[in-house]
Amino acid sequence: MTALLYGSHSPDSSGTDHSIDSSITLVSSESATTVTRWCYDRGDTFTSDIRLARCLTEQFWTRQFNAWGLRYQRIRSFKAYVGTRGPRCYGEASSPDNAFYCPESHIIAYDQNYMRRMYKKIGDGVMYMVIPHEFAHSVQAQLGLRYQYTVQQELQADCMAGATLAAVVRAGQVQLEPGDLQEIIANFEEIGDPDDAWWEPGKHGRPDVRASHYAKGYQRGMNACF
Ligand SMILES: [Zn+2]
């Protein structure tokens, strides 16, 4: 089973500009050093932003697992790929325009061209939708959670992603500007399922439903996602 963030429909590349550049601001290094510890990326370029989002997300989960009395297993690899030339998962080739967690190898991989396109179009906030969502799948696997329908697993991952962003904001590691959260949420339009067939395998949920789960996690915290 590969948990995919994106369904079969890709965002249009010719559409309107939803740019919210500089939406996520890394808190100044003096105040950040005390809380970020092992996250040293500045978050000022695509590559740095993506590494920072990964680092902050894993740091958050390490703390959260400690609080649960459990030990978080960091992913084995966080890999950029292009098109179908990514790591295989259960024998399946990677898909273009996707990001995924593979339980078999405990890795996360993402199509770097696609992520870069989303980053330019939506802004750096997109990192805090996509990356914590995939890490949420790695946590679901570590906790041994089971689901009747794919969509339940996906919506929980959206909720957990929102809760992750709230936690790093609360820890003073990133700052949101007014309206940022709404813009991040509005961008679920790019990736939600176009139809309502929630019972089908591989479904992620309608854009508004995905957005409401992300918002629930952001507003009410991780406990609200379980
Ligand atoms: Zn997913």
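Definitions and cut-offs
- Residues numbered from 1 in each chain as written.
- Predicted model: local features only at pLDDT ≥ 70, side-chain atom pairs only at ≥ 80, totals over all residues.
- Core = buried A, V, L, I, M, F, W, Y, C linked by C-beta atoms within 7 Å.
- Buried ≥ 20, exposed ≤ 12 C-beta atoms within 10 Å, placed from the backbone.
- Helix = DSSP H or I, 4+ residues; strand = E, 2+ residues; numbered from the N terminus.
- Expected span 1.5 Å × (residues − 1).

Visitor: Hey, could you go over the nonpolar core for me, with residue numbers and the actual values?
Guide: Counting 53 residues, the largest nonpolar core has Met160 and Ala163 as its most contacted members. Among the secondary structure elements, those contributing two or more residues to this core are α2 (46–67), β4 (99–102), β5 (107–111), α3 (112–122), α4 (127–142), α5 (150–170), α6 (180–186) and α7 (207–220). The element that contributes the greatest number of residues to this core is α5, accounting for 11 residues.

Visitor: With reference to specific residues and values, describe unusual backbone geometry.
Guide: Located in the positive-phi region is tyrosine 90, a residue other than glycine, with phi close to 50 degrees. Here tyrosine 90 shows up in the loop between β3 (77–81) and β4. Phi at histidine 106 takes a positive value of approximately 55 degrees, unusual for a residue other than glycine. The residue histidine 106 is located in the loop between β4 and β5 in this model.

Visitor: Account for α4, naming residues and giving values.
Guide: Over its 16 residues, α4 runs 22 Å from end to end, which matches the ideal 22 Å to within 8%, given 1.5 Å per residue. Burial analysis of α4 places 13 of its 16 residues in the buried class, which makes it a mostly covered element. Glycine 144 lies just past α4 and shows a positive phi near 70 degrees.

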